[in-house]
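# Residue-level structure breakdown
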Amino acid sequence: MILGRSQRGKPPVEPVTLKILVAGGFGVGKTTLVGAVSEIRPLRTEELLTEAGRPVDDVSGVEGKHTTTVAMDFGRITLREDLVLYLFGTPGQERFWFMWDELSEGALGAVVLADTRRLEDCFAAVDYFERRSIPFLIGVNCFEGSARYPADTVRQALDLDPDVPLVMCDARDKESVKEVLVGVVRHAMVQAADRRRPVAT
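Residues numbered from 1 in each chain as written. Predicted model: local features only at pLDDT ≥ 70, side-chain atom pairs only at ≥ 80, totals over all residues. Heavy atoms only, no water.

Turning our eyes to something else, we now look at the overall build of the protein chain. Looking only at helices and strands, the protein chain has six helices and seven strands in total. When the elements of the protein chain are put in sequence order from the N terminus, they spell out α-β-α-β-β-β-α-β-α-β-α-β-α. Per-residue burial for the protein chain yields a buried fraction of 43% across its 201 residues. Long-range contacts, defined here as pairs at least 24 residues apart, represent 72% of the contacts in the protein chain between residues at least 6 apart. Accessible surface for the protein chain amounts to roughly 11600 Å². Of this, 53% is attributable to carbon and sulfur atoms. (Helix = DSSP H or I, 4+ residues; strand = E, 2+ residues; numbered from the N terminus. Buried < 20%, exposed > 50% of the residue type's maximum accessible area, 1.4 Å probe, protein only. Contact = heavy atoms within 4.5 Å. Areas by Shrake-Rupley, 256 points an atom, 1.4 Å probe, with all protein chains shown as cover.)

Scored by pLDDT, the protein chain has a mean of 84; 77% of the residues are at 70 or more. Per-residue pLDDT, averaged within each element of the protein chain, yields its smallest value for helix α1 (residues 5-8) (52) and its largest for strand β6 (residues 136-141) (98). Across residues 1-6 the pLDDT falls below 50, and counting only partners more than four positions away or on other chains, this stretch makes one contact in the model. Confidence drops under pLDDT 50 across residues 52-57; counting only partners more than four residues distant or on other chains, this segment forms five contacts. (pLDDT = per-residue confidence, 0-100.)

We now examine empty space enclosed by the protein. Empty space among the atoms can be located by rolling a probe the size of a water molecule over them. Considering all chains together, one arrives at one cavity of 30 Å³ or more under this definition. One number sums up the size of the largest cavity: a volume of about 50 Å³. Around the largest cavity, the lining residues are G25, F26, G27, V28, L113, A114, D115, R118, L119, D121 and C122. Its residues placed into classes, the lining of the largest cavity shows six nonpolar, two polar and three charged. (1 Å grid on protein atoms, 1.4 Å probe; cavity = no way out; pocket = protein on both sides within 12 Å on 5 of 7 lines; lining within 4 Å. Points joined across faces, edges and corners; volume = space filled by probe spheres on them. Nonpolar A, V, L, I, M, F, W, Y, C, P; charged D, E, K, R; others polar.)

The next subject is a negative patch on the surface. Residues D127, E130, D159, D161 and D163 make up a contiguous surface patch of negative charge. As for its position among the elements, D161 is in the loop between α5 (151-158) and β7 (166-169). In this structure D161 comes out as partly exposed when scored by relative accessible area, which is 40%. (Patch = residues over 30% accessible without salt bridge, like charges linked within 9 Å, V, L, I, M, F, W, Y side chains within 5 Å. Salt bridge = Lys/Arg side-chain N within 4 Å of Asp/Glu carboxyl O. Lys, Arg positive; Asp, Glu negative; His and termini not counted. Charge placed at Lys NZ, Arg CZ, Asp CG, Glu CD.)

Here we take up the packing of aromatic side chains. Counted under the stated rule, the structure contains six aromatic pairs. A centroid spacing of 6.1 Å and a plane angle of 15 degrees characterise the contact between W100 and F129, whose relative ring orientation is stacked. Residue W100 is found in helix α3 (residues 100-104), and its partner F129 is found in helix α4 (residues 123-131); the two are separated by 29 residues along the sequence. By relative accessible area, which is 3% here, W100 ends up buried. When its relative accessible area of 1% is taken as the criterion, F129 is described as buried. Feature note: the residues W100, Y128, F129 and F136 constitute an aromatic cluster, connected by ring pairs. One Lys or Arg, K19, reaches over the ring of F88 and ends 4.8 Å from the middle of that ring. Here the basic side chain of R117 rests over the ring of F143, its NZ or CZ set 4.5 Å away from the ring centre. (Phe/Tyr/Trp six-rings, centres within 6.5 Å; stacked < 30°, edge-to-face > 60°. Lys NZ or Arg CZ within 6 Å of the ring centre and 35° of its normal.)

Dropping the structure here:
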(Lines give C-alpha, C1' and ligand atoms only; values in the text may rest on other atoms or scores of the structure.)
Protein backbone atom coordinates (compact mmCIF):
# COMPACT_ATOMS: atom_id res chain seq x y z
CA MET A 1 0.00 0.00 0.00
CA ILE A 2 1.38 3.40 -1.01
CA LEU A 3 0.78 6.13 1.56
CA GLY A 4 -0.05 9.64 0.48
CA ARG A 5 2.13 12.52 1.61
CA SER A 6 -0.34 13.61 4.31
CA GLN A 7 -0.47 10.12 5.85
CA ARG A 8 3.26 9.48 5.54
CA GLY A 9 4.23 12.80 7.05
CA LYS A 10 1.67 12.78 9.82
CA PRO A 11 3.39 12.37 13.21
CA PRO A 12 1.71 10.08 15.76
CA VAL A 13 -0.62 11.90 18.14
CA GLU A 14 0.73 12.16 21.69
CA PRO A 15 -2.41 12.11 23.84
CA VAL A 16 -2.93 14.42 26.80
CA THR A 17 -3.51 12.32 29.92
CA LEU A 18 -5.72 13.64 32.70
CA LYS A 19 -6.34 12.25 36.17
CA ILE A 20 -9.92 12.13 37.46
CA LEU A 21 -10.95 10.96 40.93
CA VAL A 22 -14.19 9.09 41.60
CA ALA A 23 -15.30 9.63 45.19
CA GLY A 24 -18.37 9.25 47.36
CA GLY A 25 -19.73 7.20 50.22
CA PHE A 26 -19.53 3.49 50.89
CA GLY A 27 -21.47 1.40 48.36
CA VAL A 28 -22.40 4.34 46.10
CA GLY A 29 -21.11 2.73 42.89
CA LYS A 30 -17.53 3.99 42.44
CA THR A 31 -16.09 0.59 41.48
CA THR A 32 -19.04 -0.01 39.16
CA LEU A 33 -18.55 3.37 37.44
CA VAL A 34 -14.84 2.79 36.79
CA GLY A 35 -15.54 -0.72 35.49
CA ALA A 36 -18.34 0.48 33.19
CA VAL A 37 -16.07 2.67 31.05
CA SER A 38 -12.52 1.38 31.48
CA GLU A 39 -10.99 0.13 28.25
CA ILE A 40 -8.48 -1.90 30.23
CA ARG A 41 -9.31 -4.46 32.86
CA PRO A 42 -9.78 -2.26 35.94
CA LEU A 43 -7.37 -2.65 38.82
CA ARG A 44 -9.48 -3.33 41.90
CA THR A 45 -8.44 -3.62 45.53
CA GLU A 46 -11.59 -5.11 46.98
CA GLU A 47 -11.86 -7.25 50.07
CA LEU A 48 -14.81 -9.15 51.51
CA LEU A 49 -16.72 -7.38 54.25
CA THR A 50 -16.11 -9.14 57.56
CA GLU A 51 -17.89 -9.44 60.87
CA ALA A 52 -15.08 -7.37 62.43
CA GLY A 53 -15.90 -4.45 60.12
CA ARG A 54 -19.64 -4.53 60.79
CA PRO A 55 -19.56 -1.80 63.48
CA VAL A 56 -17.85 0.66 61.10
CA ASP A 57 -19.21 -0.38 57.67
CA ASP A 58 -22.81 0.79 57.59
CA VAL A 59 -24.57 -1.30 54.94
CA SER A 60 -28.07 0.07 55.53
CA GLY A 61 -29.50 0.78 52.11
CA VAL A 62 -26.84 -1.38 50.42
CA GLU A 63 -27.49 -4.68 52.18
CA GLY A 64 -26.48 -6.67 49.09
CA LYS A 65 -22.90 -5.34 49.21
CA HIS A 66 -20.33 -7.97 50.24
CA THR A 67 -17.01 -6.33 49.29
CA THR A 68 -15.32 -3.00 49.87
CA THR A 69 -12.49 -1.06 48.19
CA VAL A 70 -9.53 -0.87 50.56
CA ALA A 71 -7.06 1.12 48.43
CA MET A 72 -8.35 2.29 45.05
CA ASP A 73 -9.89 1.34 41.74
CA PHE A 74 -8.00 2.25 38.59
CA GLY A 75 -9.20 2.41 34.99
CA ARG A 76 -8.52 4.22 31.73
CA ILE A 77 -10.73 5.62 28.98
CA THR A 78 -9.80 7.34 25.72
CA LEU A 79 -12.31 10.13 25.12
CA ARG A 80 -10.62 11.28 21.90
CA GLU A 81 -7.50 10.31 19.99
CA ASP A 82 -5.65 13.06 21.86
CA LEU A 83 -7.35 12.81 25.27
CA VAL A 84 -7.02 9.94 27.76
CA LEU A 85 -8.51 9.90 31.26
CA TYR A 86 -7.03 7.90 34.11
CA LEU A 87 -9.72 7.13 36.68
CA PHE A 88 -8.94 6.61 40.34
CA GLY A 89 -11.78 5.40 42.54
CA THR A 90 -11.24 6.35 46.19
CA PRO A 91 -12.21 4.14 49.15
CA GLY A 92 -15.45 5.29 50.74
CA GLN A 93 -15.04 4.54 54.43
CA GLU A 94 -13.62 7.08 56.84
CA ARG A 95 -10.83 4.76 58.01
CA PHE A 96 -9.30 4.86 54.48
CA TRP A 97 -9.47 8.63 54.00
CA PHE A 98 -5.75 9.01 54.74
CA MET A 99 -5.20 7.78 51.16
CA TRP A 100 -7.17 10.63 49.59
CA ASP A 101 -4.30 13.16 49.75
CA GLU A 102 -2.06 10.75 47.84
CA LEU A 103 -4.71 9.94 45.24
CA SER A 104 -5.72 13.57 44.68
CA GLU A 105 -2.17 14.67 43.84
CA GLY A 106 -2.19 16.02 40.28
CA ALA A 107 -5.92 15.41 39.72
CA LEU A 108 -7.67 17.64 37.19
CA GLY A 109 -11.03 17.13 38.86
CA ALA A 110 -13.37 14.69 40.58
CA VAL A 111 -16.73 13.01 40.30
CA VAL A 112 -18.59 12.77 43.62
CA LEU A 113 -21.16 9.99 43.34
CA ALA A 114 -24.27 10.42 45.45
CA ASP A 115 -27.05 8.02 46.46
CA THR A 116 -30.30 9.79 47.42
CA ARG A 117 -30.98 7.04 49.99
CA ARG A 118 -27.75 7.96 51.84
CA LEU A 119 -27.06 11.50 50.67
CA GLU A 120 -25.13 12.41 53.82
CA ASP A 121 -22.44 9.86 52.85
CA CYS A 122 -21.06 12.17 50.15
CA PHE A 123 -20.78 15.27 52.39
CA ALA A 124 -17.18 14.42 53.33
CA ALA A 125 -16.10 14.16 49.68
CA VAL A 126 -17.80 17.47 48.80
CA ASP A 127 -16.06 19.16 51.75
CA TYR A 128 -12.71 17.62 50.81
CA PHE A 129 -12.72 18.90 47.23
CA GLU A 130 -14.11 22.31 48.21
CA ARG A 131 -11.34 22.81 50.80
CA ARG A 132 -8.63 21.87 48.28
CA SER A 133 -10.17 23.82 45.38
CA ILE A 134 -10.35 20.70 43.20
CA PRO A 135 -13.15 21.10 40.63
CA PHE A 136 -15.83 18.46 41.07
CA LEU A 137 -19.16 17.37 39.67
CA ILE A 138 -21.96 15.58 41.52
CA GLY A 139 -23.23 12.44 39.81
CA VAL A 140 -26.48 11.22 41.36
CA ASN A 141 -26.40 7.46 40.83
CA CYS A 142 -30.00 6.47 40.10
CA PHE A 143 -30.35 3.10 41.83
CA GLU A 144 -33.32 0.89 41.01
CA GLY A 145 -36.05 1.28 43.60
CA SER A 146 -34.67 4.52 45.05
CA ALA A 147 -36.76 7.68 45.10
CA ARG A 148 -36.07 10.15 42.29
CA TYR A 149 -35.75 13.78 43.27
CA PRO A 150 -35.43 16.89 41.08
CA ALA A 151 -31.84 18.04 40.60
CA ASP A 152 -32.58 21.33 42.38
CA THR A 153 -33.80 19.44 45.47
CA VAL A 154 -30.60 17.37 45.63
CA ARG A 155 -28.48 20.48 45.03
CA GLN A 156 -30.22 22.24 47.92
CA ALA A 157 -29.79 19.24 50.23
CA LEU A 158 -26.05 19.19 49.47
CA ASP A 159 -25.78 22.99 49.82
CA LEU A 160 -23.78 23.20 46.58
CA ASP A 161 -22.34 26.36 45.09
CA PRO A 162 -24.27 27.40 41.95
CA ASP A 163 -21.33 26.65 39.63
CA VAL A 164 -20.95 22.99 40.73
CA PRO A 165 -22.53 20.76 38.03
CA LEU A 166 -25.02 18.10 39.12
CA VAL A 167 -26.16 15.33 36.77
CA MET A 168 -28.29 12.20 37.07
CA CYS A 169 -26.47 9.06 35.94
CA ASP A 170 -26.36 5.28 35.93
CA ALA A 171 -22.94 4.03 37.07
CA ARG A 172 -23.55 0.74 35.21
CA ASP A 173 -24.10 2.38 31.83
CA LYS A 174 -21.04 3.25 29.74
CA GLU A 175 -22.66 6.13 27.81
CA SER A 176 -24.09 7.65 31.00
CA VAL A 177 -20.69 7.49 32.70
CA LYS A 178 -18.95 9.00 29.65
CA GLU A 179 -21.29 12.00 29.86
CA VAL A 180 -20.39 12.42 33.52
CA LEU A 181 -16.64 12.31 32.72
CA VAL A 182 -16.96 14.77 29.84
CA GLY A 183 -18.91 17.04 32.20
CA VAL A 184 -16.21 17.04 34.88
CA VAL A 185 -13.44 17.70 32.32
CA ARG A 186 -15.39 20.65 30.89
CA HIS A 187 -16.08 22.01 34.38
CA ALA A 188 -12.40 21.72 35.36
CA MET A 189 -11.32 23.49 32.14
CA VAL A 190 -13.75 26.36 32.78
CA GLN A 191 -12.47 26.68 36.36
CA ALA A 192 -8.86 26.73 35.15
CA ALA A 193 -9.66 29.41 32.54
CA ASP A 194 -11.43 31.52 35.18
CA ARG A 195 -8.39 31.32 37.46
CA ARG A 196 -6.09 32.46 34.64
CA ARG A 197 -8.32 35.38 33.68
CA PRO A 198 -6.84 38.69 34.92
CA VAL A 199 -8.87 40.47 37.55
CA ALA A 200 -10.21 43.83 36.35
CA THR A 201 -8.93 46.77 38.39
